[in-house]
Amino acid sequence: MDRKIYITRRLPDEIVAKLSKYFLVEMWEKEDTPVPRSILEEKVKEVDGLFCLLTEAIDRELLDQAKNLKVISNMAVGYNNIDINYATQKGIMVTNTPGVLTETTADLTFSLLMATSRRLLEADQFLRQGKWKTWSPFLLTGQDVFGSTLGIIGLGQIGKAVARRAKGFNMEVLYYNRSRKFDAEQELGIHYTEFEDILRQSDFLCILVPFTKDTENLISRKQFSLMKDNAVLVNTSRGGVVNEDELYNALVNGDIWAAGLDVFNQEPTSIDHPLISLNNVITLPHIGSASYGTRMRMAYLNTENLIRSLAGDKPVHLVNEELSN
Ligand code: GLV
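So, here is what we can say about the structure in this document.

Calculation notes
Here the residue index of a chain counts from 1 through its sequence in written order. Selection of residues for local features in this predicted model requires a pLDDT of at least 70, selection of side-chain atom pairs for listing and counting requires 80 or more, and totals for whole chains, interfaces and linings are taken over all residues. Side-chain calculation: all heavy atoms of the structure are included, whereas hydrogens and water are not. In this text, near means that some heavy atom of the residue lies within 4 Å of the molecule or strand in question. Counted as a polar contact is a pair of N or O atoms within 3.5 Å, where, for protein atoms, one must be capable of donating a hydrogen and the other of accepting one, and residues adjacent in sequence contribute only when both atoms are in side chains. With residues, only the protein chains shown are counted as cover, and all accessible areas are computed by Shrake-Rupley using a 1.4 Å probe. Gly falls in the polar group here, along with every residue not listed as nonpolar (Ala, Val, Leu, Ile, Met, Phe, Trp, Tyr, Cys, Pro) or charged (Asp, Glu, Lys, Arg). Only Phe, Tyr and Trp rings take part, Trp by its six-membered ring, and two of them pair if their centres are within 6.5 Å. Stacked means planes under 30 degrees apart, edge-to-face means over 60, and tilted covers everything else. What counts as a helix is a DSSP run of H or I of at least four residues, what counts as a strand is a run of E of at least two, and both are numbered from the N terminus. The buried label applies to any residue whose accessible area, calculated with a 1.4 Å probe on protein chains only, is under 20% of its type's maximum; exposed applies above 50%, and partly exposed to all values in between. Whether a charge sits over a ring depends on NZ of Lys or CZ of Arg being within 6 Å of the ring centre and within 35 degrees of the ring normal. Strands are treated as partners if at least two bridges between them are detected by DSSP. The handedness rule is simple: strands pointing away from the viewer, and a clockwise path from the first strand over the helix to the second, make the crossover right-handed.

### Here we look at the site of the ligand
Close to the ligand lie Leu 54, Ala 76, Val 77, Gly 78, Leu 101, Arg 238 and His 286. A distance of 2.7 Å separates an oxygen atom of the ligand from a polar atom in the side chain of Arg 238. In isolation the ligand has 190 Å² of accessible area, and contact with the protein removes 88% of it. Residue composition of the shell around the ligand, by class: four nonpolar, two polar and one charged.

### Section: the packing of aromatic side chains
Following the criterion strictly, the structure yields five aromatic pairs and no others. Each ring, one from Tyr 22 and one from Phe 23, has its centre 6.1 Å from the other, and the planes form 40°; the classification is tilted. Taking the centre distance of 5.2 Å and the plane angle of 50° together, the rings of Tyr 176 and Phe 195 count as tilted. A residue pair is termed long-range when its members are at least 10 positions apart, and Tyr 176 in strand 7 (residues 172-176) and Phe 195 in helix 9 (residues 195-201) qualify at 19 residues. Given a relative accessible area of 22%, Tyr 176 falls into the partly exposed group. Just above the ring of Tyr 86 sits the side chain of Arg 60; from NZ or CZ to the centre is 4.0 Å.

### Observations concerning the pairing of strand 6 (residues 149-153)
Most of strand 6 sits out of view: five of its five residues are buried. With five bridges connecting them, strand 6 and strand 7 associate as parallel partners. Looking at the pairing, Leu 150 lines up with Val 173 of strand 7. Once the chain exits strand 6 it traverses helix 7 (residues 157-168) before rejoining the sheet at strand 7, and the crossover so formed is right-handed. Of the pairings in the sheet, the one linking strand 6 to strand 9 (residues 204-207) comprises four bridges and is parallel in character. When the bridges of strand 9 are listed, Gly 151 appears paired with Leu 205.

Listed below in structure tokens is the structure:
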């Protein structure tokens, strides 16, 4: 019971109670405020395990302070906040929480697709502002979802779950991925399409790739110029995959029709962000996996990863697999 862990955000009591059965637990207690960097730098010097969130930059400088750290458990599927190569070099395991959030994130992706295409937020504002005077033939007309073409960029678990939803709307589903997924093509009736072709052919484009050096600014000026002018872009992965300045230009110039964004380059994003000034953009504060049940499942999975790693067992989801032996 001499192992120490640090939790970087206040968590529900039942999670803390479970971790306390195994470890000496310290936690940043201030409700919904990220731990200040200076405190994290102090804490990381002492602990064996870190329970962290995507709001913490676990970079080289921080890792250099860690003397005993054996595992970083990130309560997220994405781990672009962590310098994985450096952690691996130092023999520190990194774990994440895929799987449990797949369906919830696919639900949010599809909700954003529908809300954007049918202008739900604009319509709600219109009514609340007392502008609704009569039923009108072309009032707040949007884009049809049923029967249209969906392009999924990044066919991981969430991409497949979005494809299943799209099939229920009789959409033609195309996907682009680094490697072809023949099983998914068979199972879901979806079609592999080269990158530029998927941009040209899709009415809806869902961005579901992880954020890496290779995917940074994957969607920028050239890519927008290839898209249909009725295209709706939905991004629920990471903000950095889409060049926000070029997205703004594309929306203002009518190169694409609308965008639904759950993620931004800088989070939390400022309300002065130019994209927020546009009516054809729906913005959400990174809530892809935010159902209560799923967030609890993520917290429990992160707990399990931490417990197993520090017991010398293989965690449920190890990111740097090379450390598994
Ligand atoms: C959320 O964005 C996650 O990566 O889980």
